[in-house]
Amino acid sequence: VAGAGIKYLRDNGIPVEVGLCQKEAEALNEKFLFAITHDRPFISLKYAMTLDGKIATASGDSQWVTGEAARSKAHYLRKTHDAVLVGVGTVLADNPELTTRLVKGKNALRIVLDAGLRTPLTAAVLNEAANTLIFVGEDYNREHAQVLTQMDWVEVLPVPESAPGRLDLKAVMNVLAQRKIRSVLVEGGSRVLGAFKDAGLVDRVYAFVAPKLCGGQEALSAVGGGGVQLMDAALQLEDLEVEQLGADVLLTARVKG
């Protein structure tokens, strides 16, 4: 640590070279290194969209955008992060379990952003497969919270709001940093992804693209939020990688900076 190990080896007559494969090593450990140097979790945005950028139809149907190979890869990504995060809208619309059941490996901490605490007792995200942390706002259903926290694996935690009904994402990240959560996979939907983007809390993007055209002005785009007024202000990504997954494609890149 901080060169002490290198000094110890050299003091005992062992030659040590540093800087070899530095770029590869940094890529391999990007989540941990970022969390240590920035004092907040490394944040990955993940979404599945059609070729015209839709994550659901105008009616809200999103089952399924991509195929089985892409969904298995998405479960693998959950395994490679300390936590996986969604908003309550996704819980109510899709009822995800947020586990890694399609691949071998441990389940990540499940996080739900739910300002008013609307997560139902029957939600799959509350099963015993993994621990679940629900962040709530200033005006939440306290009776419902008491029932939820009777489950030993469920925690309800209030945080400040940045606007009525909107949780302060930086406050959420501060809590996670204090709990040594080094990385978070944000799975959407459009509103939550847009909120993280608008807050400047994006470090890597995983975009699964299906060879489909959905169409419809009312169909949800992948990243909502306030957006930008000028193309020059768009979030810039670099080090793009492409992976074929059955009929679908995974595009991943890190935020330039």
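Check the entry above for the structure.
As a starting point, this report considers the structure included with it. (Residues numbered from 1 in each chain as written. Predicted model: local features only at pLDDT ≥ 70, side-chain atom pairs only at ≥ 80, totals over all residues. Heavy atoms only, no water.)

Quick look at the nonpolar core now. With 33 residues, the main nonpolar core has Leu85, Ile111, Leu113, Phe135, Leu176, Val186 and Phe196 as its most contacted residues. Mapped onto this core, the elements with two or more residues apiece are β1 (42-50), β2 (83-87), β3 (109-113), β4 (132-136), α7 (169-178), β8 (183-186), α8 (190-198) and β9 (204-210). The dominant element in this core, judged by the number of residues it contributes, is α7, at five residues. Not counting chain neighbours up to four residues away, the residues in contact with leucine 85 comprise Ile111, Leu113, Val184, Leu185, Val186, Glu187, Gly188, Val192 and Phe196. Judged by nonpolar contacts, the second largest core, of 19 residues, contains Val91, Ala108, Val125 and Val136. (Core = buried A, V, L, I, M, F, W, Y, C linked by side-chain atoms within 4.5 Å. Buried < 20%, exposed > 50% of the residue type's maximum accessible area, 1.4 Å probe, protein only. Helix = DSSP H or I, 4+ residues; strand = E, 2+ residues; numbered from the N terminus. Contact = heavy atoms within 4.5 Å.)

With respect to the helices, strands and loops of the structure, serine 190 is situated in helix α8. With residues up to four places along the chain from it excluded, the contact list for serine 190 reads Ile55, Leu220, Ser221, Ala222, Val223, Gly224 and Gly225.

This part takes up the packing of aromatic side chains. Considering all chains together, one arrives at one aromatic pair under this definition. Here the aromatic rings of phenylalanine 34 and phenylalanine 42 are separated by 5.6 Å at their centres, their planes lie at 85 degrees, and the arrangement is edge-to-face. Of the residues examined, phenylalanine 42 reaches a relative accessible area of 3% and is grouped as buried. The ring of tryptophan 64 is capped by arginine 71, whose NZ or CZ atom sits 4.5 Å from the centre of that ring. Directly above the aromatic system of tyrosine 140 lies the positively charged group of arginine 142, at a separation of 4.2 Å from the ring centroid. (Phe/Tyr/Trp six-rings, centres within 6.5 Å; stacked < 30°, edge-to-face > 60°. Lys NZ or Arg CZ within 6 Å of the ring centre and 35° of its normal.)

Our focus in this paragraph is the pattern of salt bridges. Overall, the coordinates contain 10 salt bridges when judged by the stated rule. Glutamate 187 is the partner of arginine 78 in a salt bridge, and the nearest nitrogen-oxygen pair spans 2.7 Å. Pair noted here: arginine 78 is in helix α4 (residues 68-79) and glutamate 187 is in the loop between β8 and α8, with a separation of 109 residues, a long-range link. When sorted by exposure, arginine 78 lands in the same class as glutamate 187, which is buried. For the salt bridge of arginine 254 with aspartate 239, the shortest nitrogen-to-oxygen distance reads 2.8 Å. In this pair, arginine 254 is assigned in strand β11 (residues 248-255) and aspartate 239 in strand β10 (residues 237-245), connecting sequence segments 15 residues apart. On the accessibility criterion, arginine 254 (28% relative accessible area) is partly exposed. The network of salt bridges with common partners includes Lys46, Arg78 and Glu187. (Salt bridge = Lys/Arg side-chain N within 4 Å of Asp/Glu carboxyl O.)

Counting through the fold element by element, glutamate 68 comes out in helix α4. Taking the relative accessible area as the measure of exposure, glutamate 68 reaches 62% and is therefore exposed. For glutamate 68 and threonine 100, which are 32 residues apart along the polypeptide, the C-alpha to C-alpha distance reads 14 Å.

Counting through the fold element by element, leucine 220 comes out in the loop between β9 and β10. When residues no more than four places from it in sequence are discounted, the contact partners of leucine 220 are Gly53, Lys54, Ile55, Ala56, Thr57 and Ser190.

Shape descriptors only; they carry no functional weight alone.
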